[in-house]
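# Commentary on secondary and tertiary structure
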Amino acid sequence: MPHILAFAGVLLLWAALASPFALALHIALRALRRRGIRSAAVVVLLAFVFALLAAPVPTPIITVFLPHGFVLLDASYYDRILHGPALFRQLSTWIAWSLAMTFLIALAVCWRYVRRVD
C-alpha cells in the first residue's frame, strides 16, 4: 500500500510540474485549429517538444541533454556514462520508455485535437 501511495504522489507531482507545458500545448493546438493548419509535421513537432519538456523522467535536462552536450565537448564522456554509474544505466531504459510513451500519447492527443472537425 505505501508503494501505491508513493507512486500516486509522484504522478501528482509530475502532473503539477507538467501542467504549464500541457496548457501551452493546448493553446498552440487551439491556434493551429483556428488557422486551419493541419500539417502532420507541425503536429509531430509539437508532440515531440511536449514530450521533451514534460515527460515524467528525472529532470530531462540532466538525464538527456547534459550527457549528450558533454559528448560534443569530450568524446570519451559517452563511454564513461554508459559503462560508468550504475544508476544511469538503470535509469536509461526507463527514460527511453518514458520519453517514447509521452511522445506517442501526446501525438495521439495532438492529432485527434487538430484533425477533429467541429
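Residues numbered from 1 in each chain as written. Predicted model: local features only at pLDDT ≥ 70, side-chain atom pairs only at ≥ 80, totals over all residues. Heavy atoms only, no water.

## Some remarks on the environment of Ala54
Summarising the element assignment, Ala54 is placed in helix H2 (residues 40-54). Judged by its relative accessible area of 2%, Ala54 is buried. The sequence separation of Ala54 and Pro20 amounts to 34 residues, and the corresponding C-alpha distance is 9.1 Å. With sequence-adjacent residues up to four places away left out, Ala54 is seen in contact with Trp14, Ala18 and Phe21. (Helix = DSSP H or I, 4+ residues; strand = E, 2+ residues; numbered from the N terminus. Buried < 20%, exposed > 50% of the residue type's maximum accessible area, 1.4 Å probe, protein only. Contact = heavy atoms within 4.5 Å.)

## Quick notes on the environment of Arg112
Here Arg112 is to be found in helix H5 (residues 86-115). Given a relative accessible area of 62%, Arg112 falls into the exposed group. Sequence separation between Arg112 and Val43 is 69 residues; the distance between their C-alpha atoms is 9.9 Å.

## Concerning the layout of surface pockets
Approximately 250 Å³ is the volume attributed to the second largest pocket. Lining the second largest pocket are 16 residues; nearest its centre among them are Leu25, Phe50, Ile105, Ala106 and Val109. When contributions to the lining of the second largest pocket are tallied by element, the ones reaching two or more residues are helix H1 (2-35) and H5. Per-element tally for the lining of the second largest pocket: the top contributor is H5, with 9 residues. (1 Å grid on protein atoms, 1.4 Å probe; cavity = no way out; pocket = protein on both sides within 12 Å on 5 of 7 lines; lining within 4 Å. Points joined across faces, edges and corners; volume = space filled by probe spheres on them.)

## Details of the side chain of Ser98
On the secondary structure map, Ser98 appears in helix H5. Residue classification places Ser98 among the buried positions, given a relative accessible area of 7%. Setting aside chain neighbours within four positions, we find Ser98 in contact with Ala55, Pro56 and Val57.

## Some thoughts on the nonpolar core
The nonpolar side chains of a soluble globular protein tend to be buried, and buried together. Among the nonpolar cores identified, the biggest contains 12 residues, and these are Ala18, Leu25, Leu29, Leu32, Val43, Ala47, Phe50, Ala54, Ala106, Cys110, Tyr113 and Val114. When contributions to this core are tallied by element, the ones reaching two or more residues are H1, H2 and H5. Discounting chain neighbours no more than four positions away, the residues touching Cys110 are Leu25, Leu29, Val43 and Ala47. (Core = buried A, V, L, I, M, F, W, Y, C linked by side-chain atoms within 4.5 Å.)

## Some points on a nonpolar patch on the surface
On the surface, a nonpolar cluster with roughly 440 Å² of combined accessible area is contributed by Phe21, Leu45, Phe48, Val49 and Leu53. A per-element tally of the nonpolar patch places H2 first, with 4 residues. With respect to the helices, strands and loops of the structure, Val49 is situated in helix H2. The partly exposed category is assigned to Val49, whose relative accessible area is 37%. (Patch = residues over 30% accessible without salt bridge, like charges linked within 9 Å, V, L, I, M, F, W, Y side chains within 5 Å. Areas by Shrake-Rupley, 256 points an atom, 1.4 Å probe, with all protein chains shown as cover. Salt bridge = Lys/Arg side-chain N within 4 Å of Asp/Glu carboxyl O.)

So yeah, pure geometry; function would need other evidence.
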